[in-house]
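Residue-level structure breakdown
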Amino acid sequence: PLPEIPRIQGLVLPGSVFADCLMVVQFLRSFGKVLGMDPSEVPTLGILQEGLLNLGNSMGQVQDLLVRLLSSAVSDPGLPQGHR
């Protein structure tokens with residue numbers, strides 16, 4: 001039998017959205033240095049959840065992260081000319 005795993009406190013996101021948030025955080029932890037990010041700039045799952053749900057003061061941090069990721073994608077030298 002599998003062990004009983006307690007629910008994460010404060011989690012209100014549906015399972016699929018939470019899985020996407022885990023992938024984003026893992027991507028940022030793995031490739032943050034390549035993107036020029038400090039490890040302290042990677043948001044926690046709590047901050048990411050609050051920002052996505054527009055709770056508290058985390059919306060600005062999530063918006064800053066999105067702008068930074070979009071800027072990195074657009075400035076990628078592998079992007080074909082005319083698609084920037």
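Check the entry above for the structure.
Quick summary incoming for the structure in this document. The model shown is predicted, which means the values in this text are computed figures rather than measured ones. (Residues numbered from 1 in each chain as written. Predicted model: local features only at pLDDT ≥ 70, side-chain atom pairs only at ≥ 80, totals over all residues. Heavy atoms only, no water.)

Some points on the packing of helix 2 (residues 45-52) against helix 3 (residues 59-74)
Close contact between helix 2 and helix 3 brings their axes to 7 Å; oriented N to C, the two are set at 95°. Of the possible angle classes, the one that applies to helix 2 and helix 3 is roughly perpendicular. Contacts from I47, L48, G51 and L52 of helix 2 reach helix 3 at M59, Q61 and V62. Its residues assigned to classes, the contact of helix 2 with helix 3 comprises 5 nonpolar, 2 polar and no charged. (Axes fitted to C-alpha atoms, helices over the stretch in contact; angles between N-to-C directions. Helix = DSSP H or I, 4+ residues; strand = E, 2+ residues; numbered from the N terminus. Parallel < 35°, antiparallel > 145°, perpendicular 65-115°, else oblique. Contact = heavy atoms within 4.5 Å. Nonpolar A, V, L, I, M, F, W, Y, C, P; charged D, E, K, R; others polar.)

Re the packing of helix 1 (residues 15-31) against helix 2
Close contact between helix 1 and helix 2 brings their axes to 10 Å; oriented N to C, the two are set at 125°. When the axes of helix 1 and helix 2 are compared, the pair comes out oblique. Pair helix 1 / helix 2 crosses with right-handed handedness. Residue-level inspection shows F18, C21, L22, V24 and V25 of helix 1 in contact with helix 2, the latter providing L45, L48 and L52. Taken together, the residues of the contact of helix 1 with helix 2 sort by class into 8 nonpolar, no polar and no charged. (Left-handed = near helix turned anticlockwise from the far one by under 90°.)

Quick notes on the side chain of Q49
Within the fold, Q49 resides in helix 2. Reaching out from Q49, the side chain makes a polar contact with the backbone nitrogen of V12 at a distance of 3.0 Å. Those residues in contact with Q49 that sit more than four places away from it in its chain are G10, L11, V12 and L13. (Polar contact = N/O pair within 3.5 Å; in protein donor to acceptor, adjacent residues only side chain to side chain.)

Notes on a nonpolar patch on the surface
Taken together, the side chains of V12, L52, L53 and L55 present a nonpolar region at the surface, about 350 Å² in accessible area. Given a relative accessible area of 56%, V12 falls into the exposed group. (Patch = residues over 30% accessible without salt bridge, like charges linked within 9 Å, V, L, I, M, F, W, Y side chains within 5 Å. Areas by Shrake-Rupley, 256 points an atom, 1.4 Å probe, with all protein chains shown as cover. Salt bridge = Lys/Arg side-chain N within 4 Å of Asp/Glu carboxyl O. Buried < 20%, exposed > 50% of the residue type's maximum accessible area, 1.4 Å probe, protein only.)

A short note on the packing of aromatic side chains
Applying the stated rule across the entire model yields 1 aromatic pair. Ring plane angle 45° and centroid distance 5.2 Å describe the contact between F27 and F31, whose orientation is recorded as tilted. On the criterion of helical spacing, the pair formed by F27 and F31 is a turn pair, its members being 4 residues apart in helix 1. (Phe/Tyr/Trp six-rings, centres within 6.5 Å; stacked < 30°, edge-to-face > 60°.)

Considering the environment of C21
Take C21: it is sitting in helix 1. You can call C21 buried: its relative accessible area is 5%. Separated by 24 residues in the primary sequence, C21 and L45 place their C-alpha atoms 6.9 Å from one another. With residues near it in sequence (within four places) discarded, C21 still touches L13, L45, L48 and L52.

Interpretation note: all reported values are geometric properties and have no functional meaning in isolation.
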